[in-house]
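Survey of secondary and tertiary structure
Read off the chains here:
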Amino acid sequence: MNSNHTMTIEFWKMFLSEIYHANLLELKHGLTSKKSLFIDFQILTTFGSEGFAIADLLLKNPDEVFADIKEAFQGHDFQVRFFNLPKRIILDDVREDRINILISIMGEVEEVRAITPRIEIATYQCPAGHYTSIKVGLGNLKKPDRCGSENCKYMRFKLVPELSKIIDTQQITINISSDFKRKSRNLLIDLYNDVFYNLEKGDRIIINGILRCNFIEKQKNNVDLKFYIEANSIEICESTLENIISNPHRKSFNIDAITKAKCPERIDVQIKKIIRDNPNLSCEEQKIAIYQKLAEIPTENIDIWLEKLQNSGIIYPRKNGYIIF
Ligand SMILES: [Zn+2]
């Protein structure tokens with residue numbers, strides 16, 4: 001293990017316990033039915049130079065970052081989901097050279113399939129009794145290329161269902177268009193665990209996830225690339241929420257699912273709004289108003305935010321309240 005790797009693990013422990021302290025406690029102690037921790041990408045990028053570098057790595061090599069987070073919180077079974085990613089890509093960006101990177105894409109739901117169980121981690125056993133586990137994506141269940149035990153030459157494996165991990169998954173198809181809507185295409189989205197949002201045909205959504213590809217052999221030397229997105233999170237923002245409410249295909253409207261998916265406003269934006277809405281209070285009174293309105297965020301985190309905003313010259317404390325520049 002190199003020092004860079006150790007530093008990254010330490011960063012995740014520090015970042016999550018500082019900014020998402022309350023959510024982390026809920027997940028660790030099973031106080032919530034959710035299995036996901038939602039992280040604002042924008043907060044990560046502004047968390048010092050290290051946060052910025054790791055945010056950049058997350059976009060380029062998400063698998064490495066997700067493995068680091070898993071290692072930092074060993075023994076805790078929760079999924080980290082990012083929202084507020086920087087650039088939304090379009091159809092023309094769904095290309096071979098973008099496979100395995102984290103992307104954000106907007107599209108209209110075409111088809112929603114039923115939630116079904118699928119093996120996520122398949123554990124195989126060779127005739128010598130060694131176990132080999134492999135992560136399974138969308139597509140056919142593949143056997144390991146070789147036994148996980150060093151020097152074992154066996155190439156025959158049988159699946160051990162009781163040691164494999166089964167998760168709930170759902171596939172949806174979205175229609176994405178290219179620049180100026182010259183053309184459009186359907187793209188398969190793979191959702192798993194608790195990232196199901198009661199979506200319906202016609203809903204406009206933003207998918208954040210890893211671009212994956214299945215290679216389907218058609219004939220000799222002829223391989224078909226089948227792109228899909230392994231969804232990390234779905235966002236429904238104000239403009240898309242309006243589209244969902246007015247969607248003629250929607251028979252029912254589950255407000256709970258929508259609230260869950262709606263991307264939360266950034267903390268700095270909320271703090272500035274509360275200060276602006278309470279102009280005649282002192283700094284201390286404005287602070288209390290912020291604590292009350294943002295009750296789900298630990299107070300020490302709000303203090304960090306206020307300090308950050310002040311150090312960046314965005315707000316300035318005066319006797320009769322903060323001034324916003
Ligand atoms: Zn073996």
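This one's a predicted model, so the numbers in the text were calculated from it and none came from an experiment. (Residues numbered from 1 in each chain as written. Predicted model: local features only at pLDDT ≥ 70, side-chain atom pairs only at ≥ 80, totals over all residues.)

Another aspect to go through is the overall build of the chain. In terms of helices and strands, the chain carries 10 helices and 13 strands. Relative to its full complement of 325 residues, the chain shows a buried share of 25%. Put simply, of all contacts in the chain between residues at least 6 apart along the chain, 66% involve residues at least 24 apart. (Helix = DSSP H or I, 4+ residues; strand = E, 2+ residues; numbered from the N terminus. Buried ≥ 20, exposed ≤ 12 C-beta atoms within 10 Å, placed from the backbone. Contact = placed C-beta atoms within 7 Å.)

Burial in helix H5 (residues 62–72) covers these residues: Pro62, Val65 and Ile69. The arc enclosing the buried residues of H5, seen along the axis, measures out at 65 degrees, which places them on a common side. (Arc of directions from axis to C-beta.)

Positionally, valine 65 belongs in helix H5. Other than its neighbours up to four places away in sequence, valine 65 contacts Ile54, Leu57 and Leu58.

Packing of helix H8 (residues 267–277) against helix H9 (residues 283–293) leaves a shortest axis separation of 10 Å and a crossing angle of 130 degrees. For the element pair H8 / H9, the angle class is oblique. Seen along the crossing, H8 lies across H9 with a hand that is right-handed. Facing H8, whose interface residues are Ile271, Ile274 and Ile275, H9 presents Gln286, Ala289, Ile290 and Lys293. (Axes fitted to C-alpha atoms, helices over the stretch in contact; angles between N-to-C directions. Parallel < 35°, antiparallel > 145°, perpendicular 65-115°, else oblique. Left-handed = near helix turned anticlockwise from the far one by under 90°.)

Before going further, it helps to examine unusual backbone geometry. For asparagine 84, which is not glycine, the phi torsion reads 65 degrees and is therefore positive. Summarising the element assignment, asparagine 84 is placed in the loop between strand E2 (79–83) and strand E3 (88–89). Even without glycine at this site, asparagine 100 takes up a positive phi of about 75 degrees. Mapped onto the elements, asparagine 100 comes out in the loop between E3 and strand E4 (102–112).

Attention now moves to helix H4 (residues 48–60). Taking 1.5 Å of rise per residue, the 13 residues of H4 would be expected to cover 18 Å, and the 19 Å separating its terminal C-alpha atoms lies within 8% of that figure. Among the residues of H4, those classed as buried are Ile54, Ala55 and Leu58. The arc enclosing the buried residues of H4, seen along the axis, measures out at 105 degrees, which places them on a common side. The exposed set on the far side of H4, more than 90 degrees from its buried face, consists of Ser49 and Lys60. Turning to H4, the residues buried within the fold contact helix H1 (3–19), helix H3 (41–45), H5 and E4. (Expected span 1.5 Å × (residues − 1).)

Moving on to the packing of H4 against H5. In contact at an axis separation of 5 Å, H4 and H5 are set at 120 degrees when each is read in the N-to-C sense. One finds that H4 runs oblique with respect to H5. Two secondary-structure elements touch here, H4 through Ile54, Leu57 and Leu58 and H5 through Pro62, Glu64 and Val65. In terms of residue class, the contact of H4 with H5 is made up of 5 nonpolar, no polar and 1 charged. (Nonpolar A, V, L, I, M, F, W, Y, C, P; charged D, E, K, R; others polar.)

On to the nonpolar core. In terms of nonpolar packing, the biggest core is built from 41 residues, with Ile174, Leu187, Ile189, Ile205, Ile207 and Ile229 touching the most fellow members. Element by element, the count of residues in this core is highest for strand E10 (residues 204–219), at 5 residues. Inspection of this core shows a minimum of three residues originating in each of domain 1 (3–83) and domain 2 (88–116 + 169–261). Here isoleucine 189 is in contact with Gln171, Ile172, Ile174, Ile207, Tyr228, Ile229 and Ala231, once residues within four sequence places are set aside. Membership of the second largest hydrophobic core comes to 9 residues, among which are Ile267, Trp305, Ile315 and Tyr322. (Core = buried A, V, L, I, M, F, W, Y, C linked by C-beta atoms within 7 Å. Domains from an automatic or database assignment.)

In the predicted model, the chain carries a mean pLDDT of 82, and the fraction of residues at 70 or more is 82%. Within the chain, strand E7 (residues 158–159) carries the highest mean pLDDT (94), whereas helix H7 (residues 255–261) carries the lowest (45). (pLDDT = per-residue confidence, 0-100.)

Take the pairing of strand E13 (residues 321–324) next. Pairing of strand E12 (residues 315–318) with E13, which is carried by 4 bridges, proceeds in the antiparallel orientation. The residue of E13 that forms the bridge with isoleucine 315 is isoleucine 324. Hairpin connection, E12 to E13: the antiparallel pair is bridged by 2 residues. (Pairing = 2+ DSSP bridges.)

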